[in-house]
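Per-entry structural report
So you can see what is in the structure, the chains are spelled out below.
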Protein chains: 2
Amino acid sequence: MTGTFWGERPDESLRVGPGFRLEDVDPDSKPGTNANKAEGLAELASSAQELRELQEKLFAQSREGAPQRLLVVLQAMDAAGKGGVVNHVFGQLEPYGLELTAFKAPSEEEREHDFLWRIEPRVPGPGVIGLFDRSHYEDVLIQRVRGFAPPEEIERRYGAIAEFEKRIADEGVHIIKIMLHVSPEEQASRLLDRLDTPEKHWKYNPGDVDERLHWKSYMEAFQIAIERTNAEHAPWFVVPANAKWYARAAVQRIVISELQRIAPAWPAVKFDVAAERERVQQSLGLRWP
Amino acid sequence: MTGTFWGERPDESLRVGPGFRLEDVDPDSKPGTNANKAEGLAELASSAQELRELQEKLFAQSREGAPQRLLVVLQAMDAAGKGGVVNHVFGQLEPYGLELTAFKAPSEEEREHDFLWRIEPRVPGPGVIGLFDRSHYEDVLIQRVRGFAPPEEIERRYGAIAEFEKRIADEGVHIIKIMLHVSPEEQASRLLDRLDTPEKHWKYNPGDVDERLHWKSYMEAFQIAIERTNAEHAPWFVVPANAKWYARAAVQRIVISELQRIAPAWPAVKFDVAAERERVQQSLGLRWP
């Protein structure tokens, strides 16, 4: 249980509602908790078991035909902490039933198809938690900001995304969409840290600075994407992410809350337990070699 | 570092060599260590960081074109501990660059193709650790024992597997094949435990008892498969697995040792660090909103 760490739960306080304005979200804020970093890390560790149990039940019930699965979409500016959330929150899960897809710039083959063509095969199957590190939202974020697609095509995509998400939600996919929100100052500090640390050089991409210079346009693109695609069956959560520990604990709690809404249960057995026990007992004389 | 836990390293002591006989392996034995369970669990935890660092370097160097990747094949009788190894050893890894495939009985479509048709797409790409929970070896194990394929077809498959593994090894895939070896008594005890524990019922399959009755034939099939496909570039390791903690610590060390042989290194940067630092600094005036 979450104990006293959370006051207002982040699945409520960070959920996008009517009239949402991204510029009102302070990346330094920590809604729902007065805890400090040490307490945040303790919360992250102590809730891991709760998360794993829900995951195992979700996976188990799917073996007997339950259709539910979870899709978590992570979007953010570079160095906002997606990687840390993947490793420290979703890395707590068991490898069975976790499917991570890190979407890169589309390949030539992918660009020859509709933008959702590469997304569809990565939607999780029953019992699975699918995690998108970037997603179809790139097609209305960087593509909008950098003009990689004409305005009328970008406009079409908001509707296409809404229809796509509605369709898979109807099939049993629970969808939560998370934006990690850092300030440009914090991003600069993290980029400089990568440059100052040789074993982090491989994570640095000069293109990140190019994108950074379009910060205002990106925030506008996020605002519009969030407004146009926020839905009861596919809600957006904007997580203040200047403090990594806060962002990780908040994402963990949002995921736990959604799994609790699914309320997975151990499936009913389809065999006679006593008879099976007898069969195993009878085979006990077995010896090898 | 492994400290004093291991005397003879399991990547040496458990590696199949000339004249190997499965019946000489005692599932209760713990080659290479005199440690107890508590020390085994401590070793598992304390070596996790070493494993993660090797994984991160393997992934990082692939971003700059290094072709190496690792394929770990896990095979065993039911309830021998594959799931525990996946969760407790490979669950220590970061989700990036870990790809787990749990092969089930082949689908109708899969049975219409050669047995390697469904395997090939799951071979890990550069930088990735691919983990097979069951594999193409099922096609010479259960299929041989239960006569699902005629003897001449089984015979053909040993050669096909050897050629397949040689080909992918030449492409940069490091292959290690691990059999977790339990005794029939220990398997019965674990099956009974599943039957006695409602939240483990979903892991119980009445078919496991049917297979169990063919124990001797399975061991013969393992012996032949291991003999026919053991190779310098794709070695087999037989891990005594009656003690779960021993099996997990041994698999962890075998994987670490193989990654050390790959010896991944941080890739060289392809940008001017000082110039990039300057670009980030210059962008610091950026404010939003």
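Here the structure is shown first, and the text comes after it.
In this report, we go over the structure that sits alongside the text. Model, not experiment: these values are computed from the prediction.

Parameters and conventions
- Residues numbered from 1 in each chain as written.
- Chains lettered and ligands numbered in written order.
- Predicted model: local features only at pLDDT ≥ 70, side-chain atom pairs only at ≥ 80, totals over all residues.
- Heavy atoms only, no water.
- Helix = DSSP H or I, 4+ residues; strand = E, 2+ residues; numbered from the N terminus.
- Buried < 20%, exposed > 50% of the residue type's maximum accessible area, 1.4 Å probe, protein only.
- Contact = heavy atoms within 4.5 Å.
- Areas by Shrake-Rupley, 256 points an atom, 1.4 Å probe, with all protein chains shown as cover.
- Lys, Arg positive; Asp, Glu negative; His and termini not counted.
- Charge placed at Lys NZ, Arg CZ, Asp CG, Glu CD.
- Least-squares fit on C-alpha atoms with pLDDT ≥ 70 in both.
- Axes fitted to C-alpha atoms, helices over the stretch in contact; angles between N-to-C directions.
- Parallel < 35°, antiparallel > 145°, perpendicular 65-115°, else oblique.
- Left-handed = near helix turned anticlockwise from the far one by under 90°.
- Nonpolar A, V, L, I, M, F, W, Y, C, P; charged D, E, K, R; others polar.
- Pairing = 2+ DSSP bridges.
- Buried area = accessible area lost by both parts, 1.4 Å probe.
- Salt bridge = Lys/Arg side-chain N within 4 Å of Asp/Glu carboxyl O.
- Polar contact = N/O pair within 3.5 Å; in protein donor to acceptor, adjacent residues only side chain to side chain.

With that out of the way, let us pick up the overall build of chain A. Scanning chain A from N- to C-terminus turns up 12 helices and five strands. In terms of overall dimensions, chain A has C-alpha extents of about 75 × 45 × 45 Å along its principal axes. The burial tally for chain A puts 54% of its 289 residues in the buried class. Taking as baseline every contact in chain A between residues at least 6 positions apart, the subset at least 24 positions apart corresponds to 83%. Only carbon and sulfur atoms are counted for the fraction: they give 48% of the accessible area of chain A, which is about 12,400 Å². Across chain A, the mean location of the 37 positive side-chain charges is 3 Å away from that of the 47 negative side-chain charges.

Before going further, it helps to examine the relation of the copies chain A and chain B. The transform that puts chain A on chain B rotates by 180 degrees and translates by 0.0 Å along the axis, for an RMSD of 0.0 Å. Both copies of the chain, as the preceding transformation shows, are related through a two-fold rotation axis.

Residue and element names in this part refer to chain A. Where helix H2 (residues 37–46) meets helix H11 (residues 244–262), the axes come as close as 9 Å, and the angle between the chain directions of the two elements is 30 degrees. Considered as vectors, H2 and H11 are oriented roughly parallel to each other. Considering how the two elements wind past one another, H2 and H11 form a crossing that is left-handed. Here Lys37, Gly40, Leu41, Glu43 and Leu44 of H2 lie close against H11, whose contacting residues are Trp245, Arg248, Ala249, Gln252 and Arg253. Residue composition of the contact of H2 with H11, by class: four nonpolar, two polar and four charged.

Here we come to the sheet that holds strand S1 (residues 69–76) of chain A. Residue and element names in this part refer to chain A. The five strands lie next to each other as S2-S3-S1-S4-S5, forming an open sheet whose pairing is parallel. Whereas interior strands pair on both sides, the edge strands pair on one side only; in this sheet they are strand S2 (98–102) and strand S5 (236–240). Neighbouring strand axes in the sheet, compared pairwise and without regard to direction, differ in orientation by 20 degrees on average. Bridge analysis of S2 against strand S3 (residues 129–133) gives five bridges, and the strand direction is parallel. Within the sheet, the bridge partner assigned to Leu100 lies in S3 and is Leu131. Against the sheet, helix H10 (residues 215–229) contacts S1, strand S4 (173–181) and S5, and its axis sits at roughly 160 degrees relative to S4.

We now examine the environment of Arg21(A). Residues and elements named next belong to chain A. Looking at the element boundaries, Arg21 is found in the loop between helix H1 (10–13) and H2. Under the relative-accessibility criterion, Arg21 is labelled partly exposed at 43%. In sequence terms Arg21 and Gln223 are 202 residues apart; their C-alpha atoms lie 7.0 Å from each other.

In this section: the interface of chain A and chain B. In this assembly, 56 residues from chain A lie in contact with 56 residues from chain B. Taken together, both faces of the contact between chain A and chain B bury some 5,200 Å²; the carbon and sulfur share is 70%. Here Lys203(A) and Glu56(B) are joined by a salt bridge, their closest N and O atoms 3.8 Å apart. The interface formed by chain A and chain B holds 16 residue pairs in polar contact (both at pLDDT 80 or more) in total. Mapped by element, the contributors of at least two residues to the side of chain A that touches chain B are helix H3 (48–63), helix H4 (82–88), S2, helix H8 (184–196), helix H9 (206–212), H10 and helix H12 (273–282) of chain A. The greatest single-element share of the side of chain A that touches chain B, amounting to seven residues, is contributed by H8(A).

Before going further, it helps to spend a moment on the pattern of salt bridges. All names here are of chain A. Counting across every chain of the model gives 56 salt bridges over all chains. Of the charged contacts, one joins Arg261 and Asp11 as a salt bridge, the two residues approaching to 3.8 Å between their closest N and O atoms. Here Asp11 lies in helix H1 and Arg261 lies in helix H11, a separation of 250 residues in the sequence. When its relative accessible area of 2% is taken as the criterion, Asp11 is described as buried. A salt bridge links Arg21 to Asp24; its shortest N-O distance comes to 3.3 Å.

As a further point, take the pairing of strand S1 (residues 69–76) of chain B. Residues and elements named next belong to chain B. Counting buried positions over the eight residues of S1 gives eight, a clear majority of the element. Burial of the side chains of S1 extends over both faces: Arg69, Leu71, Val73 and Gln75 are buried on one face and Leu70, Val72, Leu74 and Ala76 on the other. When S1 meets strand S4 (residues 173–181), the two strands line up parallel, connected through eight bridges. Residue pairing in the sheet places Arg69 in a bridge with Val173 of S4. The sheet contact formed by S1 and strand S3 (residues 129–133) spans five bridges and is parallel.

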